[in-house]
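One-letter residues, chain by chain:
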Amino acid sequence: MAKAEKFLLAGVMGWPVMHSRSPLMHNYWLKQQGLAGTYVPLAIEPKDLAEALRALRPLGFAGCNLTIPHKLEAMKIVDRVDDVATKIGAISCVVVQPDGSLFGTNNDWLGFIGNLKQQVPDWRADAGPIAVIGAGGGARAVCYGLMQEGAKEIRLVNRTRDKAERIAEEFGGPIKVLPWEQRHDALDGVGTVVNTTSQGMVGLPALDLQLDMLPRSALATDIIYTPLESPFLAAARERGNRTVNGLGMLLHQGKPAWRLWFGVEPEVTPELREMMERSILADL
Ligand code: NAP
């Protein structure tokens, strides 16, 4: 058997990090592509982030993903941050360049949009107003992606209104901020509603959102994937809305990372999705 030219290395830096499902996904792809390599969880304390990122090159890593709490701090450390990550305000992916410098970008928006397009091929961002609930890091990537896809009206609602106002100021365009008290009415006539808050995650209360005004034709989507079906998605499904959970956002942001690290884009296959779902269900 021919010897592989190089043992491919990538990983995810976080603190804590052992809960991350990224290694399962990337190691599936390495095997599927017949490549010698591994993707590892890297438990990096915040104080060690700069040293850890600088060590990627000498250790032979192609790059890494970043998760909580490193996504913002890494922007100050890498040598170049692209316009997308600057706008979203966080780095999700670091790439070691051929000259050894570190490049930071954000693929979360590609994950969000790629998932919707795979799960609901006829979904269109410009099909009607879109309600986005929440204005944290996830919401910034979601709003960016929706705008790239041509959304004409985004109704942004957040418990802390200032954060939503900041996104509207920075992103401009179709974002309209509504007060938290009007979140139920914000669903009137929308084509899509997205939960980007942490409400509904395992161990947290459900999102307090009444769906009476939501058209039955609308798509309801959540970026949460633990549980696989949040109470918000369950309520939407029970009244007849199409729903998409957040697992695919995680899966689809891995594809552009692979292109940047290894020069190939693997597929999000039903087998990969099922394997990830099984792993999540086993932990609940
Ligand atoms: P974040 O930046 O901390 O933002 C949290 C959001 O939740 C804020 O809008 C916050 O509102 C809202 N929130 C928190 N507690 C609330 C409450 N009691 N009532 C109403 N709103 C509340 O977090 P994030 O990074 O955006 O992550 C949010 C969720 O998305 C998490 O479940 C995360 O796992 C998930 N996520 C998934 C993916 C994926 O790939 N699928 C990617 C990123 C994030 P305030 O501003 O008022 O605090």
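Values in this document were obtained by computation on a predicted structure and should not be read as measured data.

A. Layout of the site of the ligand. Surveying the vicinity of the ligand reveals 21 residues, the closest of which are Gly-138, Asn-158, Thr-160, Lys-163 and Met-201. Here an oxygen atom of the ligand sits 2.9 Å away from a polar atom, N or O, in the main chain of Gly-137. A distance of 3.3 Å separates an oxygen atom of the ligand from a polar atom in the backbone of Ser-198. Relative to its free-state accessible area of 930 Å², the ligand is covered by the protein chains to the extent of 74%. At a threshold of 2 Å from the grid points, most atoms of the ligand map onto the largest pocket. Secondary-structure elements contributing two or more residues to the shell around the ligand are α6 (137-148) and α9 (247-262).

B. View of the layout of surface pockets. Each pocket or cavity is described by its volume, and for the largest pocket that value is around 1,700 Å³. Taken together, 49 residues make up the lining of the largest pocket; nearest its centre are Thr-67, Ile-68, Lys-71, Gly-138 and Ile-223. Residue assignment for the lining of the largest pocket shows that the elements contributing at least two residues are β3 (63-66), α6, α7 (161-171) and α9. Broken down by class, the residue content of the lining of the largest pocket amounts to 18 nonpolar, 22 polar and 9 charged.

C. Quick look at the domain arrangement of the chain. Looking at the assigned domains, one finds that the chain contains domain 1 (8-106 + 250-283) and domain 2 (109-245). With 15 residues of domain 1 in contact, the opposing surface of domain 2 contributes 15 residues. The junction of domain 1 with domain 2 conceals about 1,400 Å² of combined surface from both sides, 62% of it contributed by carbon and sulfur atoms. Interface area lost by domain 1 to domain 2 is led by Lys-87, Ile-88 and His-252, which between them contribute 41%. Here domain 1 is connected to domain 2 by 0 salt bridges. Here domain 1 and domain 2 share 8 residue pairs in polar contact (both at pLDDT 80 or more) between them.

D. Expanded view of the packing of aromatic side chains. Following the criterion strictly, the structure yields 6 aromatic pairs and no others. Measuring from centroid to centroid gives 6.1 Å for Tyr-39 and Trp-261, while their planes differ by 40°, and the two rings are tilted. Note that Tyr-39 is positioned in strand β2 (residues 37-43) and Trp-261 in helix α9, a separation of 222 residues in sequence. According to the relative accessible area criterion, Tyr-39 is buried, its value standing at 3%. Looking at Trp-261, the relative accessible area reads 9%, which means it is buried. Both rings, one in Tyr-144 and one in Phe-171, keep their centres 6.5 Å apart while their planes meet at 85°; by these two values the pair is edge-to-face. Taken together, the positions of Tyr-144 in helix α6 and Phe-171 in helix α7 put the pair 27 residues apart, joining distant regions of the chain. The exposure class of Tyr-144 is buried, given its relative accessible area of 12%. Note on Phe-171: relative accessible area 6%, which makes it buried. Grouped by ring-pair contacts, the aromatic residues Trp-29, Tyr-39, Trp-258, Trp-261 and Phe-262 constitute a single cluster. A cation over an aromatic ring shows up here: Lys-87 above the ring of Phe-171, its NZ or CZ 5.6 Å from the ring centre.

E. Structural context of a nonpolar patch on the surface. On the surface, a cluster of nonpolar side chains totalling about 290 Å² of accessible area is made up of Val-202, Leu-281 and Leu-284. Following the sequence through the fold, Leu-281 ends up in helix α10 (residues 270-283). Classification of Leu-281 as exposed rests on a relative accessible area of 52%.

F. How the structure looks around the nonpolar core. Phe-112, Trp-123, Val-132, Leu-146 and Ile-175 are the most contacted members of the largest nonpolar core, which has 32 residues in total. Of the residues forming this core, the biggest block, 6 residues, is contributed by α6. When sequence neighbours within four positions are dropped, the list of residues in contact with Val-132 reads Ala-139, Val-142, Cys-143, Leu-146, Ile-154, Arg-155, Leu-156, Val-157, Val-194 and Thr-196. One finds Leu-8, Val-17, Trp-29 and Tyr-39 within the second-largest nonpolar core, a separate group that totals 26 residues.

About the thresholds
Residues numbered from 1 in each chain as written. Predicted model: local features only at pLDDT ≥ 70, side-chain atom pairs only at ≥ 80, totals over all residues. Heavy atoms only, no water. Near = heavy atom within 4 Å. Polar contact = N/O pair within 3.5 Å; in protein donor to acceptor, adjacent residues only side chain to side chain. Areas by Shrake-Rupley, 256 points an atom, 1.4 Å probe, with all protein chains shown as cover. 1 Å grid on protein atoms, 1.4 Å probe; cavity = no way out; pocket = protein on both sides within 12 Å on 5 of 7 lines; lining within 4 Å. Sits in = over half its atoms within 2 Å of the grid points. Helix = DSSP H or I, 4+ residues; strand = E, 2+ residues; numbered from the N terminus. Points joined across faces, edges and corners; volume = space filled by probe spheres on them. Nonpolar A, V, L, I, M, F, W, Y, C, P; charged D, E, K, R; others polar. Domains from an automatic or database assignment. Contact = heavy atoms within 4.5 Å. Buried area = accessible area lost by both parts, 1.4 Å probe. Salt bridge = Lys/Arg side-chain N within 4 Å of Asp/Glu carboxyl O. Phe/Tyr/Trp six-rings, centres within 6.5 Å; stacked < 30°, edge-to-face > 60°. Buried < 20%, exposed > 50% of the residue type's maximum accessible area, 1.4 Å probe, protein only. Lys NZ or Arg CZ within 6 Å of the ring centre and 35° of its normal. Patch = residues over 30% accessible without salt bridge, like charges linked within 9 Å, V, L, I, M, F, W, Y side chains within 5 Å. Core = buried A, V, L, I, M, F, W, Y, C linked by side-chain atoms within 4.5 Å.

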